[in-house]
Amino acid sequence: MSVDKPEIAKSIKTGDFNTNYHDVGEGGFPALFIHGSGPGVTAWANWRLVLPIVSKNRRVIAPDMVGFGYTERPEGIKYSMDVWVKQVLDLMDALNIEQTDLVGNSFGGALALTLVIEHPERFRKLVLMGSMGVDFPITYGLNEVWGYEPSLENMKKMLGLFAYSEKLKNDDALANLRYNASIEKGFQESFSAMFPAPRQRWVEAMARHESEIPNIKKPTLIIHGREDKVIPVENSLKIFNMILDAQLHIFGKCGHWTQIEQTQRFCTLVDDFFNE
């Protein structure tokens, strides 16, 4: 990990490009954490508070998915679920991880659902947090997030959409961290290319058919903030009702960033679930 840029960690070849990934902790059953799709997102920005806690009992891997963060951006790449699925499998193969637990946040939840549906043998348990992966009418919040144009003012507006806590909404340090990341070379170009308007089609592109989700046989923990303005809490209720071996935890007074607004409780839930 770079002292100047904690977002930059280890690098490994995954298919045609190098993936930037965090790899902390040892022992136990490994867990792979997949970030969301907000502007300026990195694995570090998403999971920085969680990694030191969850890695006390296990190895935790958190990659920057291609198109986000500090993973290499191959020229001419077309971002799609197939590309991200391949990247995760290539990363696991490169690290000699035959099977892992899987945590997906928002966009990462849609990717996690797809991974478990298409490659069930590679995953043991599934955690979905504020997850996409089912069809829903795009929210004002998600449309604004995917339509972000870089400015500090707009990033502060994003915090207002992501967070419930007034303290977080007005966290200048966090706004600066995410804004500065969003204006790194190549970041906005790939971000704006990923989800151009009209954006409902990208919600649909990430959704699995409702006949597929009930086939998931993995123990599944679903977590959502009740006041989430980006991904509706109804998504998690829908997924919960489709997966037989599922449990659902909804936090009140919490927006889209459960892992930031309820860090300790989130980590305890995930830790206990993995340890069962």
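Predicted model only: the values in this text are computed from it and were never measured.

Mind showing me how you'd approach the overall build of the protein here?
Secondary structure assignment for the protein yields 13 helices and eight strands. The C-alpha radius of gyration computed for the protein amounts to 17 Å, which stays within 12% of the reference 19 Å derived for 276 residues, consistent with globular compactness. Along the longest, intermediate and shortest principal axes, the C-alpha atoms of the protein span 45 × 40 × 35 Å. In the protein, 72% of the contacts between residues at least 6 apart in sequence involve partners at least 24 apart. Accessible surface computed for the protein: about 11500 Å², of which carbon and sulfur atoms make up 51%.

Sorry, what's going on with the pattern of salt bridges here?
Scanning the entire structure with this criterion turns up 13 salt bridges. Here Lys5 ties to Glu184 by a salt bridge, and the two come within 2.7 Å at their closest N and O atoms. With Lys5 in the segment before strand S1 (10-14) and Glu184 in the loop between helix H8 (172-182) and helix H9 (187-194), this residue pair connects regions lying 179 residues apart in the sequence. Among the residues examined, Glu184 registers a relative accessible area of 23% and is labelled partly exposed. Lys156 is the partner of Asp172 in a salt bridge, and the nearest nitrogen-oxygen pair spans 3.6 Å. Linking Asp172 in helix H8 with Lys156 in helix H6 (residues 152-162), this pair joins segments that are 16 residues apart in sequence.

Mind showing me how you'd approach the sheet that holds strand S4 (residues 60-63) here?
Where strands meet in a sheet, backbone hydrogen bonds hold them as pairs that are either parallel or antiparallel. Taken together, eight strands build an open sheet; the order of strands is S1-S2-S4-S3-S5-S6-S7-S8 and the sheet is mixed. With partners counted over all chains shown, the strands left at the sheet margins are S1 and strand S8 (246-251), one partner each. Direction aside, the axes of adjacent strands within the sheet are offset by 25° on average. Sheet topology places strand S3 (residues 31-34) next to S4; two bridges connect them, and they run parallel. When the sheet's bridge partners are listed, Leu32 is paired in S4 with Ile61. Together, S1, strand S2 (17-24), S3, S4, strand S5 (100-105) and strand S6 (123-129) form the strand contacts of helix H3 (residues 81-94), whose direction differs from that of S1 by roughly 110°. Helix-sheet contacts for helix H13 (residues 263-275) involve S3, S5, S6, strand S7 (220-225) and S8, and the interaxial angle to S6 is about 160°.

Explanation requested: the packing of aromatic side chains in the structure shown.
Remark: the centre distance and the inter-plane angle together describe each pair of aromatic rings, the angle taken between the planes. What the rule picks out here adds up to 11 aromatic pairs. Look at Trp84 and Phe107: their rings are 4.7 Å apart centre to centre, the planes differ by 80°, and that puts the pair in the edge-to-face class. With Trp84 in helix H3 and Phe107 in helix H4 (residues 107-118), the pair connects residues that are 23 residues apart, well separated along the chain. Both residues of the pair, Trp84 and Phe107, count as buried. Pairing Phe162 with Trp257 gives two aromatic rings, centres 4.6 Å apart and planes at 10°, and the pair type is stacked. Of this pair, Phe162 sits in helix H6 while Trp257 sits in the loop between S8 and helix H12 (258-261); the two residues are 95 residues apart in sequence, bridging distant segments of the chain.

Rules of the game
- Residues numbered from 1 in each chain as written.
- Predicted model: local features only at pLDDT ≥ 70, side-chain atom pairs only at ≥ 80, totals over all residues.
- Heavy atoms only, no water.
- Helix = DSSP H or I, 4+ residues; strand = E, 2+ residues; numbered from the N terminus.
- Rg over C-alpha atoms; globule rule 2.2 N^0.38 Å.
- Contact = heavy atoms within 4.5 Å.
- Areas by Shrake-Rupley, 256 points an atom, 1.4 Å probe, with all protein chains shown as cover.
- Salt bridge = Lys/Arg side-chain N within 4 Å of Asp/Glu carboxyl O.
- Buried < 20%, exposed > 50% of the residue type's maximum accessible area, 1.4 Å probe, protein only.
- Pairing = 2+ DSSP bridges.
- Axes fitted to C-alpha atoms, helices over the stretch in contact; angles between N-to-C directions.
- Phe/Tyr/Trp six-rings, centres within 6.5 Å; stacked < 30°, edge-to-face > 60°.

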